[in-house]
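Coordinate inspection notes
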Amino acid sequence: MQFVTMRAALLLAMMLLACLLPAQPPNGDCATAQRLCAHTVVQGDNTGGSAVPSFCAPAFSMVWYTFITNSVGGPVTVAVTIGNCLDIPGYDDELNAIVLSGDGSCTLPGFSAVSSCEESDIDFTVTTQALAPNTMYWIVVSGAQNNGTIEEAQCAFEIGISGPGADIIGVDMSAGTDRTIGQGENTQLDGYSAGPIDWSPTSGLSGNGVGDPIAAPASTTVYTMTSEIAGCTFTDQVLVEIVRRITPPNTFTPNGDGKNDTWEIAGMADYPGAEVVIHDRWGQVVYRSNGYRDPWDGTNNGRALIVGTYYYHIQLNQLEGRSPPYTGFVTIVR
């Protein structure tokens, strides 16, 4: 008699608790399934979810998600990280999840499983078979009711998708490969996207809305590409690094002591087609060379030049084309 009374009291407590539980989640059915985007984890909660239909038996308190595969398709992995569950006697603490294909009708006969049903009271994953490209699929997360429990698990959790069939960056959009250019030079980016493109910042770019603008930033810049694909917004970045390809020193001492006797320019060996012209303050050319195999020793036709300031004009003539010239001054000190 006492057992019956205790059971009745427990059931009454359950009924009262059910009245206090939150209403059905906004994504409590197929028609209101929440969109998942690759590279993004979202917060979920199946508390108060619907009890039918049952795709993972026994399964209750369902919430629905949906995603669209990328343009190549392939397996997709769903990761579920379980948070706080209702810690009440009689309630389970296990969630389960399954991935479904469907005809869009949101009716039970219109669905079929494309993964096994996984269940756990700790974090778990569900991996599908190879999925078709550019196709919508559904995920059902629900609470379990087993091991003698009376009520199904009602838990907060995190959920996200990844894998060959879900990944977008590097498949359907990319900001392209990082670039290194010299000061005053430009380069064409090689970004792409299946959706509309927006660059930020736009300074130094020849235009917006395309994946391959010409980039000529004044300083090293990280460009961010933003694009919307199948209802999801993705971002990727590309670095355009500005370097000074050569660094001509502004002084040397051609006095025959074996130290700093020639005008050594670091990096010039990388540009065998470079043109180097040096003139004095009156504009007279005192040195000219194609290539810089033999650094200037401070002479003009074998005669030592006087101490003073001279001016250089260096054109690197790279394989990629002519870059802006390097100009400046160098002082002979004896």
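Let me sum up the structure you'll find in this document.

Procedures and definitions
Residues numbered from 1 in each chain as written. Predicted model: local features only at pLDDT ≥ 70, side-chain atom pairs only at ≥ 80, totals over all residues. Heavy atoms only, no water. Helix = DSSP H or I, 4+ residues; strand = E, 2+ residues; numbered from the N terminus. Rg over C-alpha atoms; globule rule 2.2 N^0.38 Å. Contact = heavy atoms within 4.5 Å. Areas by Shrake-Rupley, 256 points an atom, 1.4 Å probe, with all protein chains shown as cover. Lys, Arg positive; Asp, Glu negative; His and termini not counted. Charge placed at Lys NZ, Arg CZ, Asp CG, Glu CD. Phe/Tyr/Trp six-rings, centres within 6.5 Å; stacked < 30°, edge-to-face > 60°. Buried < 20%, exposed > 50% of the residue type's maximum accessible area, 1.4 Å probe, protein only. Polar contact = N/O pair within 3.5 Å; in protein donor to acceptor, adjacent residues only side chain to side chain. Pairing = 2+ DSSP bridges. Axes fitted to C-alpha atoms, helices over the stretch in contact; angles between N-to-C directions. Disulfide = S-S within 2.5 Å. Core = buried A, V, L, I, M, F, W, Y, C linked by side-chain atoms within 4.5 Å.

Observations concerning the overall build of the protein chain
Looking only at helices and strands, the protein chain has 1 helix and 25 strands in total. Relative to a compact globule of 334 residues, whose C-alpha radius of gyration would be 20 Å, the protein chain shows 34 Å and is clearly more extended. Taking the contacts inside the protein chain whose residues are at least 6 apart along the sequence as the reference set, 65% of them involve residues at least 24 apart. On the protein chain, roughly 17,000 Å² of surface is accessible, and the fraction owed to carbon and sulfur atoms is 53%. The centroid of the 12 positive side-chain charges in the protein chain is displaced by 29 Å from the centroid of its 33 negative side-chain charges.

Some details on the packing of aromatic side chains
If you walk through the whole model with that rule in mind, you get 13 aromatic pairs. Look at Trp263 and Trp296: their rings are 6.4 Å apart centre to centre, the planes differ by 85°, and that puts the pair in the edge-to-face class. Pair noted here: Trp263 is in the loop between β19 (251-252) and β20 (275-279) and Trp296 is in the loop between β21 (285-290) and β22 (299-300), with a separation of 33 residues, a long-range link. There is no split in this pair, since Trp263 and Trp296 are both buried. Both rings, one in Tyr287 and one in Tyr292, keep their centres 6.3 Å apart while their planes meet at 85°; by these two values the pair is edge-to-face. With a relative accessible area of 14%, Tyr287 lands in the buried category. Ring pairing ties together the aromatic residues Phe252, Trp263, Tyr287, Tyr292, Trp296, Tyr310 and Tyr312, which thus form one cluster.

Quick notes on the side chain of Asn70
Among the structural elements, Asn70 can be located in the loop between β3 (59-68) and β4 (77-85). Residue class for Asn70 comes out buried when judged on its relative accessible area of 0%. Of the polar contacts made by the side chain of Asn70, one reaches the backbone nitrogen of Val72; its length is 3.1 Å. Apart from the residues within four sequence positions on either side, Asn70 is in contact with Pro133, Asn134, Pro164, Gly165, Ala166, Asp167, Ile168, Val171 and Asp172.

Comments concerning the sheet that holds strand β15 (residues 197-200)
Here we have 4 strands laid out as an open sheet, ordered β12-β18-β17-β15, and mixed in their pairing. Pairing within the sheet leaves two strands with one partner each, and these edge strands are β12 (179-182) and β15. Going from strand to strand, the sheet's axes swing by 25° on average, the running direction of each strand aside. Relative to strand β18 (residues 232-243), β12 runs parallel, the two being bridged by 4 bridges. Opposite Thr180, over in β18, you have Glu241 as the bridge partner.

Some remarks on the state of the cysteines
Think of a disulfide as a covalent bridge from one cysteine sulfur atom to another cysteine sulfur atom. Within the structure shown, the criterion is met by 4 disulfides. Each bonded cysteine of the protein chain is numbered by sequence order, and under that numbering the disulfide pairs are 1-5, 2-8, 3-6, 4-7.

Some words on the nonpolar core
Of all hydrophobic cores here, the largest spans 44 residues; its most connected members are Tyr65, Phe67, Ile139, Val141, Ile159 and Trp199. Top contributing element to this core by residue count: β18, with 5 residues. Leaving out residues up to four positions away in the same chain, Ile159 has contacts with Leu36, Thr40, Val41, Val42, Tyr65, Val78, Ala79, Val80, Ile139 and Val141. Counting residues in hydrophobic clusters, the runner-up holds 21 residues, among them Ile246, Val276, Val286 and Ile332.

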